[in-house]
Amino acid sequence: MDTFIHHARGHSARIAELQEERENYGRLAAGQSPLALFITCSDSRVIPSQITGSRPGELFELRTAGNAVPRYSQGGPAGAEAATIEYAMRVLNVADIVVCGHSHCGAVGARARGDDLTGVPDVQDWLDRQLSEELPDDEEPAVRSAVRRHVCEQLGRLREYPSVRERLESGAVTLHGWFYEVHTGQVTVHDPATDSFLPL
């Protein structure tokens with residue numbers, strides 16, 4: 001924590017010294033109007049602002065183990081994920097949703113390989129409920145094929161949410177599937193026409 005505390009102190013001091021930065025941060029107090037909802041994994045190697053170059057206020061983030069989007073359940077108790085998606089659609093009116101999977105994903109890899117997770121029962125339960133049993137067998141450390149398939153499945157789940165569906169139908173939102181390689185920094189995007197991931 002010492003490193004984080006030192007940086008936070010320095011960050012505050014830098015903002016205080018720069019008039020333009022003070023004004024930018026001051027505007028954030030008036031509210032947020034992010035450009036996109038960015039759904040990605042909780043993995044510490046995936047840093048949305050670093051990948052996108054976004055500034056404070058530009059990304060509304062949803063992070064879950066394995067960047068999983070729970071299936072929409074009408075009438076059931078709402079989870080944090082459903083609330084975040086609905087807020088992004090109906091209050092913030094973001095124009096884009098990005099589902100960003102990543103290489104070397106522990107969650108997707110464990111599911112694809114059928115790893116024994118009895119020592120982490122909450123993780124096991126989450127993966128059993130939220131990740132497909134039909135992920136391709138993928139023994140490659142980067143689990144590229146499994147993660148890419150998983151990203152496409154999460155895009156399909158998003159389309160089941162009423163708040164997303166209504167904005168898709170009106171053309172007010174666009175869905176994007178990204179795959180980020182943690183070992184190279186490369187980002188590829190799903191092309192629905194060819195069902196393949198291509199460089200941005």
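To keep things clear, this report deals only with the structure shown in the data block. All residue numbers refer to position in the chain's written sequence, counted from 1. With the structure being a predicted model, the display of local features is reserved for residues of pLDDT at least 70 and the display and counting of side-chain atom pairs for 80 or more, all residues being used for whole-chain, interface and lining totals. Note that the side-chain values use all heavy atoms of the structure and ignore hydrogens as well as water.

## What about the pattern of salt bridges?
Throughout this description, the term salt bridge denotes a Lys or Arg side-chain nitrogen within 4 Å of a carboxyl oxygen of Asp or Glu. Summed over all chains, the structure comprises 10 salt bridges. One salt bridge in this structure joins Arg 129 and Asp 125, with 2.9 Å as the shortest N-O distance. Here the residue Arg 129 and the residue Asp 125 both occupy positions in helix α6 (residues 121-130), the gap between them amounting to four residues, near one helical turn. Assessed through its relative accessible area of 49%, Arg 129 is described here as partly exposed. Within the structure, one salt-bridge network assembled from shared partners comprises Glu 86, Arg 90 and Glu 166. Helix numbers and strand numbers start at the N terminus; a helix is a DSSP run of H or I with at least 4 residues, a strand a run of E with at least 2. Burial classification: accessible surface area is computed with a 1.4 Å probe over protein chains only, and a residue below 20% of its type maximum counts as buried, one above 50% as exposed, and the rest as partly exposed.

## Focus: unusual backbone geometry
Where the residue is not glycine, phi is negative for most of them; where a peptide bond is considered, it is trans in most cases. You will see that Val 143, though not glycine, has its phi angle at about 40°, which is positive. For Val 143, the position within the fold is in the loop between α6 and α7 (144-158). Positive phi is not limited to glycine here, since Asp 195 has a value of about 50°. Turning to its location among the elements, Asp 195 is positioned in the loop between β5 (187-191) and β6 (196-199). When its relative accessible area of 58% is taken as the criterion, Asp 195 is described as exposed.

## Let's talk about the pairing of strand β4 (residues 174-180)
Across the seven residues of β4, five count as buried, placing the element largely inside the fold. Paired strands, as defined in this entry, are two strands with at least two bridges between them according to DSSP. Bridge analysis of strand β3 (residues 96-102) against β4 gives seven bridges, and the strand direction is parallel. For Cys 100, the partnering residue across the bridge sits in β4 and is Trp 178. Alignment of β4 against β5, held across three bridges, turns out to be antiparallel. Each residue of the ladder has a partner; that of Tyr 180, found in β5, is Val 187. Hairpin remark: β4 followed by β5, antiparallel, with six residues in the connecting loop; positive phi at Gly 185, about 85°.

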